[in-house]
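# Coordinate inspection notes
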Amino acid sequence: MKKLTALTTTALAAAVALALTGCGGQANSSTASKAADFPKAGSTIEWIVPSAAGAGNDILARIVAPVMQEDLGANIKVVNKEGGSQVVGLNYVANAKADGLTFGNTNIPSILGRYLDPSKKAAFDRSSFTPIGSFATNSVVIGVNKDSKYKSIKELFDAVKAEPGKITVGTDSRAGDDHINLRLLENQLGLDFNIVHYNSGADKVAAIVSGETDFALGGVSSFFGQYKAGDIKLLTVVENDPSPFAPEVPTMKSAGYDVEPMASNFALSVPAKTPKEVVARLEAALKKATETPAVQEKLKGAATAPAWKSSSDVAKLWEERENTIKPVIDELLQQK
Amino acid sequence: MGFDQLLGGLATVFTPEHLLFALLGCVLGMLVGVLPGFGPAAAVSLLIPVTFGLDATSAIIMLAAILYGAAYGGTTTAVLLRIPGEASSIATTLDGYQMAKKGRGGPALVIAALASFVGGLIGVIGFVVVAPFSRLALEFGAPELFLVSLLGFALITSFAGSNPAKALLSAAAGLAIATVGVDSGVGIARFTFDMPELFDGVGLVAVVMGVFGLSEVLGQAQKGPLGVPSPLKVARLLPTRTDLQRSALPSLRGSVIGFFMGLLPGSPGAATSLASYAAEKKLSRRRSEFGKGAVEGIAGPEAANNALAVSSMIPLFTLGIPTSATVAIMAGAFTMNGLIPGPLLFRDNPDVAWAIIASLIVGNLILLILNVPLARVWIAVLKVPFHYLMAAILAFMFLGTYSINGSPFDILIMLGAGVLGYVFQLVKVPLTPLVLGLILGPMLEENFQRSLALSLGDYGVFMEGPISLTLIGVIVVAILFGAVRPLIASMLKKKSHIPVAPKELAK
Amino acid sequence: MQTLNAPVALEWTVASAALAGGLAVAGVGAGYGLTNTSGVGAGFFPTVAGTLMALAGVLWILQLLAARRTAEPVPVAGDVRESVPPHHESESALVSLLDDDNSDEPDVADFPDHQGWARVGIIVGSILLAALLLPFLGYTVVMTLQLGTILYFVSKRKLWISVAVAIGAALASRLVFEVWLGTALPTASIEFLAGLGL
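Residues numbered from 1 in each chain as written. Chains lettered and ligands numbered in written order. Predicted model: local features only at pLDDT ≥ 70, side-chain atom pairs only at ≥ 80, totals over all residues. Heavy atoms only, no water.

### Here's the deal with the overall build of chain A
Counted only if it meets this: For helices the rule is a DSSP run of H or I covering at least 4 residues; for strands it is a run of E covering at least 2, with both sets numbered from the N terminus onward. Buried means the residue's accessible area, taken with a 1.4 Å probe over protein chains only, is under 20% of the maximum for its type, while exposed means over 50%, and partly exposed covers the values in between. Any two residues having at least one pair of non-hydrogen atoms within 4.5 Å are treated as being in contact. In this description, accessible areas are obtained by the Shrake-Rupley approach with a 1.4 Å probe, and a residue is regarded as covered only by the protein chains that are shown.
Along the backbone of chain A there are eleven helices and eleven strands. Burial analysis of chain A (336 residues in total) assigns 58% to the buried set. Of the contacts made within chain A by residues no fewer than 6 positions apart, 76% connect residues no fewer than 24 positions apart. Per element, the accessible surface of chain A, about 12,700 Å² overall, is 52% carbon and sulfur.

### Topic: the overall build of chain B
Looking only at helices and strands, chain B has 21 helices and two strands in total. A total of 507 residues make up chain B; the buried ones form 65% of that total. Of all intrachain contacts in chain B linking residues separated by at least 6 positions in sequence, the fraction that spans at least 24 positions is 78%. Carbon and sulfur atoms make up 72% of the accessible area of chain B, which amounts to about 16,400 Å² in all.

### Notes on the pattern of salt bridges
Residues and elements named next belong to chain A. Rule in force here: We count a salt bridge whenever a side-chain nitrogen from Lys or Arg sits within 4 Å of a carboxyl oxygen from Asp or Glu.
One pass over the full model with this rule turns up 21 salt bridges over all chains. Linking Glu322 and Arg126 is a salt bridge whose minimum nitrogen-to-oxygen distance equals 3.1 Å. A residue pair is termed long-range when its members are at least 10 positions apart, and Glu322 in helix H11 (residues 311-335) and Arg126 in the loop between helix H4 (110-115) and strand E4 (129-138) qualify at 196 residues. Classification of Glu322 as buried rests on a relative accessible area of 10%.

### Some details on a nonpolar patch on the surface
All names here are of chain C. Using the following cut-off: Here the term patch refers to residues with relative accessible area over 30% and no salt bridge, with like charges joined within 9 Å and nonpolar side chains (Val, Leu, Ile, Met, Phe, Trp, Tyr) within 5 Å.
Among the surface-exposed residues, Leu129, Leu133, Phe136, Ile190, Phe192 and Leu196 lie close enough to one another that they form a single nonpolar patch of about 610 Å² accessible area. If one sorts the elements of the nonpolar patch by residue count, helix H4 (residues 114-154) sits on top with three residues. For Leu129, a relative accessible area of 52% translates into the label exposed.

### Focus on the packing of aromatic side chains
Working definition: an aromatic ring pair is given by the centre-to-centre distance plus the angle between the planes. Worth spelling out the cut-off: Centres within 6.5 Å make a pair out of two Phe, Tyr or Trp rings, where for Trp the six-membered ring is used; the pair is then stacked when the planes are under 30 degrees apart, edge-to-face when over 60, and tilted otherwise. Two conditions define a charge sitting above a ring: the NZ of Lys or the CZ of Arg must be within 6 Å of the ring centre, and it must be within 35 degrees of the ring normal.
Applying the stated criterion across every chain yields a total of 26 aromatic pairs over all chains. Ring geometry for Trp47(A) versus Phe103(A): centroids 5.3 Å apart, planes at 50 degrees, classification tilted. One end of the pair, Trp47(A), is in strand E1 (residues 44-49); the other, Phe103(A), is in strand E3 (residues 102-105), with 56 residues separating them in the sequence. With 5.6 Å between their ring centres and 80 degrees between their planes, Phe44(C) and Phe45(C) make a pair best called edge-to-face. Residue class for Phe44(C) comes out partly exposed when judged on its relative accessible area of 30%. Phe45(C) gets classed as buried once you look at its relative accessible area, which sits at 12%. Clustering of aromatic rings is evident, with ring pairs tying together Phe146(B), Phe448(B), Tyr459(B), Phe462(B), Phe44(C) and Phe45(C). Directly above the aromatic system of Tyr92(A) lies the positively charged group of Lys81(A), at a separation of 4.4 Å from the ring centroid. The ring of Tyr388(B) carries Arg157(C) above its face, with NZ or CZ at 5.8 Å from the centroid.

### Comments concerning the interface of chain A and chain B
Spelled out, the test is: What qualifies as a polar contact is a pair of N or O atoms within 3.5 Å, subject to a donor-acceptor requirement within protein and to the restriction that residues adjacent in sequence count only when both atoms come from side chains.
Taken together, the 50 residues of chain A in the interface contact 44 residues of chain B. Taken together, the links from chain A to chain B amount to zero salt bridges. For the pair chain A and chain B, the number of links is six residue pairs in polar contact (both at pLDDT 80 or more). Of all the secondary structure elements, the ones that give two or more residues to the side of chain A that touches chain B are helix H1 (2-21), helix H2 (56-72), helix H3 (87-94), strand E7 (194-197), helix H7 (201-210), helix H8 (220-229) and helix H10 (293-301) of chain A.

### Observations concerning helix H4 (residues 56-81) of chain B
Put simply, the rule reads: Expected span, for any helix, means 1.5 Å times one less than how many residues it has.
Here H4(B) is 26 residues long and its end C-alpha atoms lie 37 Å apart, about the 38 Å a rise of 1.5 Å per residue gives. Immediately beyond the C-terminal end of H4(B), within one or two residues, lies Arg82(B), with a positive phi of roughly 65 degrees.

### Description of the environment of Ala289(A)
Residues and elements named next belong to chain A. Inspection of the secondary structure assignment puts Ala289 in helix H9 (residues 276-291). The exposure class assigned to Ala289 is buried, which follows from its relative accessible area of 1%. Separated by 224 residues in the primary sequence, Ala289 and Ala65 place their C-alpha atoms 8.3 Å from one another.

### Describing the packing of helix H6 (residues 105-130) of chain B against helix H10 (residues 241-263) of chain B
Each pair of packed helices can be described by the angle between their axes along with the distance between the axes. All names here are of chain B. We count it as follows: The angle between two axes is taken between their N-to-C directions and runs from 0 to 180 degrees, where each axis is a line fitted to C-alpha atoms and a helix contributes only its stretch in contact. Each angle gets one of four labels, with under 35 degrees taken as roughly parallel, over 145 as roughly antiparallel, 65 to 115 as roughly perpendicular, and the rest as oblique. What makes a crossing left-handed is the near helix being turned counterclockwise from the far one by less than a right angle; a clockwise turn instead makes it right-handed. Asp, Glu, Lys and Arg are counted as charged, while Ala, Val, Leu, Ile, Met, Phe, Trp, Tyr, Cys and Pro are counted as nonpolar; the rest, among them Gly, fall into the polar class.
One way to put it is that H6 packs onto H10 with a least axis distance of 8 Å and a crossing angle of 45 degrees. When the interaxial angle is binned, H6 and H10 end up oblique. In the packing of H6 onto H10, the handedness of the crossing is right-handed. Contact residues: H6 offers Pro107, Ile111, Leu114, Ala115, Val118, Gly119, Ile122, Gly123, Gly126, Phe127 and Val130, while H10 offers Asp243, Leu244, Ser247, Ser251, Leu252, Ser255, Phe259 and Leu263. By residue class, the composition of the contact of H6 with H10 is twelve nonpolar, six polar and one charged.

### Focus: the pairing of E3(A)
Residue and element names in this part refer to chain A. We apply this condition: A strand pair is defined by DSSP finding two or more bridges across the two strands.
Two elements, E1 and E3, share three bridges in a ladder whose sense is parallel. The partner of Trp47 across the bridge, within E3, is Phe103. Two elements, E3 and strand E10 (residues 264-271), share two bridges in a ladder whose sense is antiparallel. The residue of E10 that forms the bridge with Asn105 is Leu268.

### Let's talk about the nonpolar core
Basically, it comes down to this: Residues belong to one nonpolar core when they are buried, are Ala, Val, Leu, Ile, Met, Phe, Trp, Tyr or Cys, and are joined through side-chain atoms within 4.5 Å.
By size, the foremost hydrophobic cluster in this structure holds 245 residues, and its most contacted members are Trp47(A), Met68(A), Phe135(A) and Phe317(B). The next biggest cluster of nonpolar side chains, apart from the first, holds 48 residues, and it includes Val93(A), Ile153(A), Phe193(A) and Ala267(A).

### Focus on the packing of H4(C) against helix H5 (residues 159-180) of chain C
All names here are of chain C. Two elements in contact, H4 and H5, have axes separated by 8 Å at closest approach and are oriented at 145 degrees. Between H4 and H5 lies a crossing of right-handed hand. Note on element contacts: H5 touches H4 through Leu159, Ser162, Val165, Ala166, Ile167, Ala169, Ala170, Leu171, Ser173 and Arg174, opposite Tyr139, Thr140, Met143, Thr144, Leu147, Gly148, Leu151 and Tyr152. Here the contact of H4 with H5 is built from residues that sort into twelve nonpolar, five polar and one charged.

### Details of the sheet that holds E1(A)
All names here are of chain A. Judged by pairing direction, the sheet is mixed, and its six strands sit side by side in the order E2-E1-E3-E10-E4-E11 without closing on themselves. Each end of this open sheet is capped by a strand with a single partner; those strands are strand E2 (75-80) and strand E11 (305-309). Geometrically, the sheet is characterised by an average inter-axis angle of 25 degrees between neighbouring strands, direction not taken into account. Here H2 sits on the sheet and contacts E1, E2, E3, E4 and E10; the angle it forms with E2, its principal contact strand, is near 165 degrees.

### Digging into the pairing of E7(A)
Which entries qualify depends on this criterion: Looking down the strands as they point away from you, a crossover is right-handed if its path from the first strand over the helix to the second goes clockwise.
Burial of E7(A) is two-sided: the residues Asn194(A) and Val196(A) facing one way and the residues Ile195(A) and His197(A) facing the other way are all buried. Note that the unit made of strand E6 (residues 168-171) of chain A, helix H6 (residues 177-189) of chain A and E7(A) has a crossover that is right-handed.

### A word on the side chain of Thr102(A)
Relative to the helices and strands, Thr102(A) is located in strand E3. Apart from residues lying up to four places away in sequence, Thr102(A) is in contact with Glu46(A), Ile48(A), Tyr92(A), Ala96(A), Val270(A) and Pro271(A).

### A few points about unusual backbone geometry
Note that the residue after Ile108(A), namely Pro109(A), is joined by a cis bond; omega there is 15 degrees. Its location among the elements puts Pro109(A) in the loop between E3 and H4. Of note in the backbone geometry, Arg82(B) takes a positive phi value of approximately 65 degrees without being a glycine. Residue position: Arg82(B) is located in the loop between H4 and helix H5 (90-101). The exposure class assigned to Arg82(B) is buried, which follows from its relative accessible area of 5%. Non-glycine residue Lys156(C) carries a positive phi angle of around 55 degrees. Its location among the elements puts Lys156(C) in the loop between H4 and H5. On the basis of relative accessible area, Lys156(C) is assigned to the exposed category, the value being 57%.

### Describing the sheet that holds strand E9 (residues 232-237) of chain A
Read across the sheet, five strands follow the order E7-E6-E8-E5-E9 (chain A) without closing on themselves; strand pairing throughout is mixed. Only two strands of the sheet have a single neighbouring strand rather than two, namely E7 and E9 of chain A. Taken over all neighbouring pairs, the strand axes of this sheet differ in orientation by 30 degrees on average, direction set aside. Packing of helix H19 (residues 432-454) of chain B onto the sheet brings it into contact with E6 and E7 of chain A, and relative to E7(A) it is tilted by some 165 degrees.

### So, the confidence of the model for chain B
Where we set the bar: Confidence of the predictor in every single residue is expressed as pLDDT, which spans 0 to 100.
Confidence in the prediction of chain B, expressed as mean pLDDT, is 83, and 92% of residues score 70 or more. The least confident element of chain B is helix H21 (residues 502-505) of chain B, whose mean pLDDT is 42; the most confident is helix H18 (residues 408-426) of chain B, at 93.

### Here we look at the environment of Ala176(B)
As for its position among the elements, Ala176(B) is in helix H8 (residues 164-178). Placed 258 residues apart in sequence, Ala176(B) and Leu434(B) show a C-alpha to C-alpha distance of 9.6 Å. What Ala176(B) contacts, discounting residues up to four positions off in sequence, is Val25(C), Ala49(C) and Met53(C).

As structure tokens, this is what we get:
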């Protein structure tokens, strides 16, 4: 609680300073620093968000960054580098100087689709990054319109089996997380959906609410408002345990389907060659920020579960998910 | 829902504290919005941390004010420098800049603020009336949206100028540029030359800044000699009575157009303000003044723009669905403040909801009050000798295009678009069809492919339901009207050799 | 000579470029596949756009040919519209009511002379160079060079004024963006410059 007040005060002070003087903080160059005294007081660290300002990634980054900044005693700037389905921003992180002054979102599994697909011309792969940790997760759920005739995941999948390729499902983008996860489902359960791509999570959700598509799969945060309002019914959580945001929704496992958990992790990484001490320092700062109540509050507000995963845990998870997804991806990109 | 709750909301907003945050938001938004590359969406996300310490109502009121301030900031540069700060102020550059050139920048800015206020006010009134029926907007699925964007192409005839072949070239070039990037249906990278920067397509704002802003600087620079400073005359700061009379109806019509377009998924702001511009041009008796500094050409689009900004919040408030990038950021701001956008907002936090809706009017009012005196300050920009102003504009655009994505690549796009726009101007190819093609192209293609994916390849999907059939009817009429009318006109022309009409002489 | 024919020559160039470019877009576009299992393929829209571009080019060339036949002598510079088939030279009130086409693009852009071309070239060249050098030299150096070049060569300011204004503007804009707005501007990747904090 004390932390919360401190944060509030800082933010208010910053707001007032910004408004009144039009000026705050100080300009500082980002010079190379030795690992021992990382980060130099007042140096500037860039947090590269490979999506547009205001996107989910961006908002979460702007929640976490101020708290990390306080702990590190350095300025953290959230920098949006959009483009090329995140490849532009991720390229930038992978090729940045390995001094800990540049890190970025390497969300798992999103990032896998970027470099495992050769047509995206990504200049990086798993070995280009060292994770510093993951601060939140987003469970994957399957939802239908409130008036849908499918009352359970079993009814939905039985219908798919009865009419292969006829039941439509919306994604938030082509070759994005939703698409890859749907293809994984198809492979693991022997199903065949009619996959239709939308431009954003919001468009995908709108298509469910209007009944244009039969069902949709995606992070629980993207369905949260409509789920709470009763416009969308969630049939299942693709996890081993129920989601705290929708505790009464059964898991895939309890419905009798053997599917690996799909949750996405908001992981951050530095370029691979970054010194160990620097990674450890950033890891500690991120962990502390993740465990700050004010941050947790704000993350939960965005229907994202705060959850700490250490550098080594993320590295392990990354490798596992890569092994699962890699075989799917080639075939996925050729077909639909 | 009703007007009494709206009044309650107004009462909440009219506390010194909330008014202060609204004022602060307007000023901050305007300052950031003036910078090219910082549209309303970017401005809001940049300034979100400023609101962290505030309670939910104050925070959202302030963010909404930032949104309006930034939009108006974009209008300012559109009028003064012909740099549309964001795509939706393209229509304002057409006549706003011409007015500024004639020394009427002050009236242009004030009319823009007035029309914006009218648009916002009508938007909020419409909000209260329409909100209960907002679910109907969802009836516009992929096939309907395809037809709407097809209808949008009928607009091109309004921007065609005197030569249909040149307009066709411009529009087709826009369409071709729009196809750059990874195809939404099959996933093939088209015209990307293996550059990841092009996978998501060519950035609209960079192109617009180049085509309108840079081409104008090049056109000015070519004239020279730049050694002689020639500051623009600033005749009058406030609009005349005639200006106001001429803007009244266009503001109302623009508000209505903007309001309904804002309800549709995708809320294409730029296409909407251009549609309002086209409508005013068609209806006006002073058609020949359009493109040369007609106030109607500012009032209509600005009102449309702001009414759209309000009505595009309706799906967010009532269904929890953000229909544009800008509204999506507002949705993010809601959730960060512990409010769930959607019908629950009215159930669980009705006071907050209505206060925010009311603040949409108040924000516009503050902008209006601020900008009547501020117009003098903005206009001072035009008194800077051109040899310095030009360098400043170039630096401004360089910096702005870089900041959109933090990428030097967008500067190259801006440069290429600027050279293209400059050459087009030299050979008198109109520029607006190009931008229209660029905006409508992706909507057309994606919704076409999505419709067919949904219908499993059945083309009948475009003719199902009353909305589609109505839209098809309107398109047919528009095409007939657009193609047949000029034909009759040219036939009449051959027959009659009546002396030149006075308005033609006035050129 | 140049003042007489240059605008028409440019029209020919652009019209031919539209034709060639349109055909190229259509051709390459068709290679992306015109059909797909559920309707049109990735190449359909590029092909349509390219074809329309080429069509516009053809129409324009026809107009130019017609103008060449009818309009003798060669039209005056900057008034190319005269040479285009007369569309609304004289209009009755009725015609003007029915006909929308009475709006030219506002700027009657005078055609540039040699010096005009040079000024345009310097601006375009300096922006191009600046964009390409940005990752290496960093924002401050690039902006100073670009502004200095334009002020000195195009605006014809005195050298010291150009340099002073350029440095001042570059530093001020960097201050606003980095400190006030908190957005990062690119820094130099060359060690020497980076060491200076640029």
